[in-house]
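Here's the letter readout for the chains.
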Amino acid sequence: MLSHPTRRRLVSSRALLIMLFISVLCLSACSDVVLHYAHDHDAEGMISTPDEAVDYILTFEDKVCLASRGGAVAKDGDDVVIIKAGVYRLTGHFNGQLRVSVADTEHVTLIMDDFSITSPDSAALYVVNAGCVYVEVPEGKTATLTDAATYQYDIPGETKPNACLYAADDITFRGLGKLVINANYNNGISCNNDIVFVSGEVTVNAKNNGIKGSGSVQLTHTAQITVVGTEDGIKSDGIDQTKNEGRVLLSGQATAYISCSDDALQAVYDITIKDTAKLYYECDGNAINSDGNSSISDGSLIYWD
């Protein structure tokens with residue numbers, strides 16, 4: 001039989017291993033939250049999703065959607081609704097609207113692998129409900145979302161969605177590919193909560209605001225955003241300070257190229273550009289417009305000629 005000191009050492013070692021294992025699990029489980037809400041944490045390992053993590057493959061052709069497994073999507077007329085949390089790889093071209101409707105605590109990842117949507121009567125991508133949705137375009141791939149010039153609403157007086165990509169909940173963009181948003185009706189990307197760009201190239205052509213987040217809009221790490229031909233380029237108009245609304249942040253090596261007819265960056269409370277982030281702007285309004293604080297790193301504002 002082991003002596004008491006030896007047994008204590010074994011118990012201590014086992015406890016340490018268990019604690020380390022639990023810590024790793026917690027870090028893995030919380031990595032999405034850290035990435036989404038903390039502005040300065042390292043996002044390496046979160047930029048691209050490994051192939052083995054894909055739960056469902058959705059193949060689109062015109063108005064047809066073929067799923068690799070059942071129970072994850074539903075049809076609503078010509079539209080497709082994702083109703084189950086998980087990681088989805090999307091391929092092909094879809095004529096219709098893609099919606100996400102899952103529980104408040106559930107996450108959905110949309111890997112757009114040379115994927116495109118053209119909506120004939122509304123938003124191209126509509127996040128109705130979710131904890132957070134991740135839009136990811138793999139390296140070397142391009143995804144294109146195009147909405148209608150006129151929206152049709154089921155309920156008279158309804159005004160949402162009102163953007164080519166509209167999210168009622170948090171949305172994060174990542175990957176190393178290219179995403180193109182062609183907004184013919186109103187805004188390019190709109191969100192009721194927080195919008196985070198981590199990596200990849202996103203180009204927004206919009207009739208009104210390019211990117212609008214009622215919570216905050218964050219460009220971080222290596223994200224590269226181009227907004228052309230809009231009213232305001234990037235805008236955050238939320239007024240609840242307890243939820244950090246009304247803020248625009250550019251950090252890390254993020255770069256924004258904005259050509260618009262009003263303000264390049266507009267926020268209710270504050271605008272921050274720090275680290276080596278850059279804003280290239282060409283606008284008829286102000287490069288920076290905030291009713292609160294503005295903290296701008298030297299050399300970060302560059303006229304886009």
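Throughout, residues of each chain are indexed from 1 in the direction in which the sequence is written. pLDDT decides what is reported in this predicted model: residues at 70 or higher carry local features, side-chain atom pairs at 80 or more are listed and counted, and totals for whole chains, interfaces and linings draw on all residues regardless. Just so you know, side-chain values use all the structure's heavy atoms and leave hydrogens and water out.

Novice: How should I be thinking about the layout of surface pockets in this particular structure?
Specialist: Leftover empty space is mapped by rolling, across the atoms, a probe with the size of a water molecule. Throughout, the protein atoms alone are placed on a 1 Å grid, and a set of points is a cavity if a 1.4 Å probe fits but cannot get out or a pocket if it is open with protein on both sides within 12 Å along at least five of seven lines; lining residues have an atom within 4 Å of a point. Grid points are joined across faces, edges and corners, and a volume is the space filled by probe spheres set on the points. Roughly 440 Å³ of internal volume is contained in the largest pocket. In terms of lining, the largest pocket is formed by 19 residues, of which the most central are Asp79, Gln97, Arg99, Gln152 and Asp154. Here the residues of the lining of the largest pocket sort into 4 nonpolar, 6 polar and 9 charged. Gly is placed with the polar residues, together with every amino acid not listed as nonpolar (Ala, Val, Leu, Ile, Met, Phe, Trp, Tyr, Cys and Pro) or charged (Asp, Glu, Lys and Arg).

Novice: Looking at this structure, how should I read the pattern of salt bridges?
Specialist: It is possible for side chains bearing opposite charge to pair when their charged atoms get close. Salt bridge, as applied in this entry: a Lys or Arg side-chain nitrogen positioned within 4 Å of an Asp or Glu carboxyl oxygen. Enumeration according to the criterion identifies 11 salt bridges in this entry. Between Lys63 and Asp78 there is a salt bridge, with the nearest N and O atoms lying 3.5 Å from each other. Placement of Lys63 in the loop between strand E1 (56–62) and strand E2 (64–67) and of Asp78 in the loop between strand E3 (73–76) and strand E4 (79–82) is noted, with a sequence separation of 15 residues between them. Each residue is assigned to one of three classes by its accessible area relative to the maximum for its type, calculated with a 1.4 Å probe on protein chains only: buried under 20%, partly exposed between the two thresholds, exposed over 50%. On the accessibility criterion, Lys63 (41% relative accessible area) is partly exposed. Residue Asp78 is classed as partly exposed on the basis of its relative accessible area of 41%. Here a helix means four or more residues in a row that DSSP labels H or I, a strand means two or more in a row labelled E, and each is numbered from the N terminus.

Novice: Sorry if this is basic, but what is going on with the nonpolar core here?
Specialist: Here is a general trend for soluble globular proteins: nonpolar side chains tend to be buried in one another's company. Residue types Ala, Val, Leu, Ile, Met, Phe, Trp, Tyr and Cys, when buried and joined through side-chain atoms within 4.5 Å, form a set referred to as a nonpolar core. Counting residues in hydrophobic clusters, the biggest one holds 65 residues, and the most contacted among them are Met112 and Phe197. Considering every element that reaches this core, the biggest residue donor is strand E7 (residues 107–118), with 5 residues. Sequence-distant contacts of Phe197, defined by excluding residues within four places in its chain, comprise Phe173, Ile189, Val202, Ile211, Val217, Gln218, Leu219, Thr220, Ala223 and Ile225. Contact criterion: two residues are considered in contact whenever any of their non-hydrogen atoms come within 4.5 Å of each other.

Novice: Can you walk me through the sheet that holds E3 in this structure?
Specialist: The strands making up a sheet are joined through hydrogen bonds of the backbone, oriented either antiparallel or parallel. The strand order E3-E4-E6-E8-E11-E14-E17-E20-E23-E26 describes an open sheet built from 10 strands, whose pairing is mixed. A single partner strand is all that each edge strand has here, and the edge strands are E3 and strand E26 (288–290). Across the sheet, the axes of successive neighbouring strands diverge by a mean angle of 15°, strand direction being ignored. As defined by bridge partners, strand E6 (residues 98–101) adjoins strand E8 (residues 125–129) across 4 bridges and the pair is classed as parallel. Paired with Arg99 across the strands is Tyr126, a residue of E8. Pairing between two strands requires that DSSP report at least two bridges joining them. Axis angles are defined between N-to-C directions and span 0 to 180 degrees, where every axis is a line fitted to C-alpha atoms and, for a helix, only to the segment in contact.

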